[in-house]
Amino acid sequence: MSAVAVIGPHLIDVLGRPVSEIPAGQGSVVLDEIRVTVAGTGGGAAVDLAKLGATVSSFAAIGDDVLGRLLVTQLHEYGVDTTGLVMQHGQKTASTILPIRPNGERPALHVPGAMASLRPADVNGAALLAADAVLFGGPETTPRLLDSEGIDMFGAVRAAGIPIFVDLLYPGRPETLELLGPLLPLIDWFMPNDQQLRGLTGVDDVVEAARILLGRGVGAVAVTVGEHGALLVRPDADPVSVPALPTTVVDTTGCGDSFNAGMITGLLSRCSAADAALIGSACGALVASGLGSDAGIEDLHGVLNLVSASNPEAGHRIADQLAAARSTT
Ligand SMILES: Nc1ncnc2c1ncn2[C@@H]1O[C@H](COP(=O)(O)OP(=O)(O)OP(=O)(O)O)[C@@H](O)[C@H]1O
Ligand SMILES: [Mg+2]
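Criteria and cut-off values
Residues numbered from 1 in each chain as written. Chains lettered and ligands numbered in written order. Predicted model: local features only at pLDDT ≥ 70, side-chain atom pairs only at ≥ 80, totals over all residues. Heavy atoms only, no water. Patch = residues over 30% accessible without salt bridge, like charges linked within 9 Å, V, L, I, M, F, W, Y side chains within 5 Å. Areas by Shrake-Rupley, 256 points an atom, 1.4 Å probe, with all protein chains shown as cover. Salt bridge = Lys/Arg side-chain N within 4 Å of Asp/Glu carboxyl O. Buried < 20%, exposed > 50% of the residue type's maximum accessible area, 1.4 Å probe, protein only. Helix = DSSP H or I, 4+ residues; strand = E, 2+ residues; numbered from the N terminus. Near = heavy atom within 4 Å. Polar contact = N/O pair within 3.5 Å; in protein donor to acceptor, adjacent residues only side chain to side chain. Nonpolar A, V, L, I, M, F, W, Y, C, P; charged D, E, K, R; others polar. Axes fitted to C-alpha atoms, helices over the stretch in contact; angles between N-to-C directions. Parallel < 35°, antiparallel > 145°, perpendicular 65-115°, else oblique. Contact = heavy atoms within 4.5 Å. Left-handed = near helix turned anticlockwise from the far one by under 90°.

Asker: Looking at this structure, I do not really get a nonpolar patch on the surface. What am I missing?
Answerer: On the surface, Val14, Ile34, Val36, Ile97 and Leu109 cluster together into a nonpolar patch covering about 440 Å² of accessible area. For Leu109, a relative accessible area of 52% gives the class exposed.

Structure, rendered in C-alpha cells:
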C-alpha cells in the first residue's frame, strides 16, 4: 500500500441539484438531492486516494466549527489520518455552496475560512518524508507554505526522492505564477485544468503554456481538459493526449481532484504516465456521474473495470502492472 501525504485545501462542499436558477425574493425550489462532502484539491483527493487503497494523511488548517468536526469525522470514515489537520480557534472551515445546473455545470459560492493560515511549522516534515508521494493541492491558498521555510520543507521532500504533485484550487492568475516561482523546480507533476494553465501563463495554447512551466523547472505537466480528457506535456517529448471515458454527467465537481488521485495511484505502481493518466480519466468519469466530489468511485477495482470497458488492452496492461507492483512491495 502506498502512503500519500496530502497538503492543502480541505473544504466542505454543500451541493444541490438540479438548480436551473436561484428563485427571486424569498422563493424556493424543490431539488432532487442535496449532499455534504469533503472536497478541495486536498480533501477531495485525500478521500479518492483512500478509496483507491492508499494510506493517506491530511495536512491543512480548518476551523473549530461544526463543518471542521464534520470534515474530520468524514475523513476518519475513509481511514484518512487527520492528525495533521490544525483546528484554528475562532475561525471557519473553508466551504463552498454549489448549485449544480441540469447540465452538470457548477457555479461556486465560497468561504476560504482558515485555509490560508497554515504555516510550515504546522506541517510535520518527518511525516512528509515517510510518504511515497506528496500532493500539494492549492498552493496559492496557503502562501505561508511558500516562504523560505516552506520551500526548504518541500526541498527536503524532493531531495529524498519523494515525488511532489501540485494542482491549483482557484482560477489561474499571472500573480499566482510568481507566487509559485520557488516551488516550480520542486514539482514532479503539475496538474491544473486548461483554464487554470491559460490564466497562469496568459498563453492560450495549452502545450505552449505547459512548456512555459517546464521552462521554469516543473518536471512534467498533466493538463486536464474536462470532457476532452488530459494532455501530458514533458520535456523533450511530444505531448500525449489521454482520452476522457464515457459517462453520464451529473456534476463535474471534483473531477480534477479524482484525476490526480488516479494518476498518483498509477504512477506509484510504476504504470507509464499515459496509463496512470487513463486511471485518472476513469476516476474523473466516475466522479462526474454523481453529485459531489466523492461520488462514483468505490475502489480501484471499479476504476479498472471502467478502463477495461472502453480499452480492454489498457485495462489488462494496467491490472498486470498494479499486481506486479503489489507483489514487490
Ligand atoms: N464531462 C466529462 N466527461 C468525461 N470525463 C470527464 C468529464 N469532465 C471531467 N472528466 C474527467 O475528469 C478529468 C478532470 O476534469 P476537469 O478537467 O474538469 O478537472 P477540474 O476542472 O480540475 O475539476 P475540479 O477542480 O472540480 O476537481 C478530465 O481529464 C476527464 O478525464
Ligand atoms: Mg481542479
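Asker: Just to check I follow, could you spell out the pattern of salt bridges for this structure?
Answerer: A pair can form between side chains of opposite charge whenever their charged atoms are brought close. Tallied over the full model, the rule gives 9 salt bridges. Here Asp122 makes a salt bridge to Arg119, at a shortest N to O gap of 2.7 Å. Since its relative accessible area comes to 17%, Asp122 is described here as buried. The exposure class of Arg119 is partly exposed, given its relative accessible area of 39%. A salt bridge links Arg317 to Asp275; its shortest N-O distance comes to 2.7 Å. Placement of the pair is Arg317 in helix H11 (residues 312-328) and Asp275 in helix H9 (residues 273-288), with a sequence separation of 42 residues. Given the relative accessible area of 40%, Arg317 is considered partly exposed. Exposure remark for Asp275: the relative accessible area of 8% places this residue in the buried category. Each of the salt bridges in this network shares a partner with another, and the network as a whole consists of Asp194, Arg198 and Asp204.

Asker: Could you clarify how one ought to interpret the site of ligand 1 in this entry?
Answerer: Near ligand 1, the surroundings consist of 20 residues, among which Arg106, Asn193, Thr224, Gly226 and Gly256 are the closest. The side chain of Arg106 places a nitrogen or oxygen atom 2.6 Å from an oxygen atom of ligand 1. With respect to ligand 1, the side chain of Ser281 contributes an N or O atom lying 3.0 Å from an oxygen atom. Relative to its unbound accessible surface of 630 Å², ligand 1 loses 89% to contact with the protein. Those elements that place two or more of their residues in the shell around ligand 1 are helix H8 (255-268) and H9. Residue contributions to the shell around ligand 1 peak at 4 residues, all from H8. When its residues are assigned to classes, the shell around ligand 1 shows 6 nonpolar, 11 polar and 3 charged.

Asker: Whenever I open this one, the packing of helix H10 (residues 300-310) against H11 confuses me. Can you help?
Answerer: Think of two packed helices as two axes; the pair is described by the angle between the axes and how far apart they sit. The geometry of H10 relative to H11 is characterised by a closest axis approach of 5 Å and an angle of 150 degrees between their N-to-C directions. On the basis of their axis angle, the class for H10 and H11 is roughly antiparallel. On the side of H10, the interface is formed by Leu300, Leu304, Val307, Ser308 and Ser310, while H11 contributes Pro312, Ala314, Gly315, Ile318, Ala319 and Leu322. Partitioned by chemical class, the residues of the contact of H10 with H11 number 8 nonpolar, 3 polar and no charged.

Asker: Explain the packing of helix H1 (residues 40-51) against H8 to me, please; I cannot follow it from the model alone.
Answerer: Following both chains from N to C, one finds H1 and H8 inclined at 50 degrees, their axes separated by 8 Å at the closest point. Considering their axes alone, H1 and H8 lie oblique with respect to each other. The two elements H1 and H8 cross, and the hand of that crossing is right-handed. Residues Gly40, Thr41, Gly44, Ala45, Asp48 and Leu49 of H1 pack against Asp257, Ser258, Ala261, Ile264 and Thr265 of H8. For the contact of H1 with H8, the residue count by class is 4 nonpolar, 5 polar and 2 charged.

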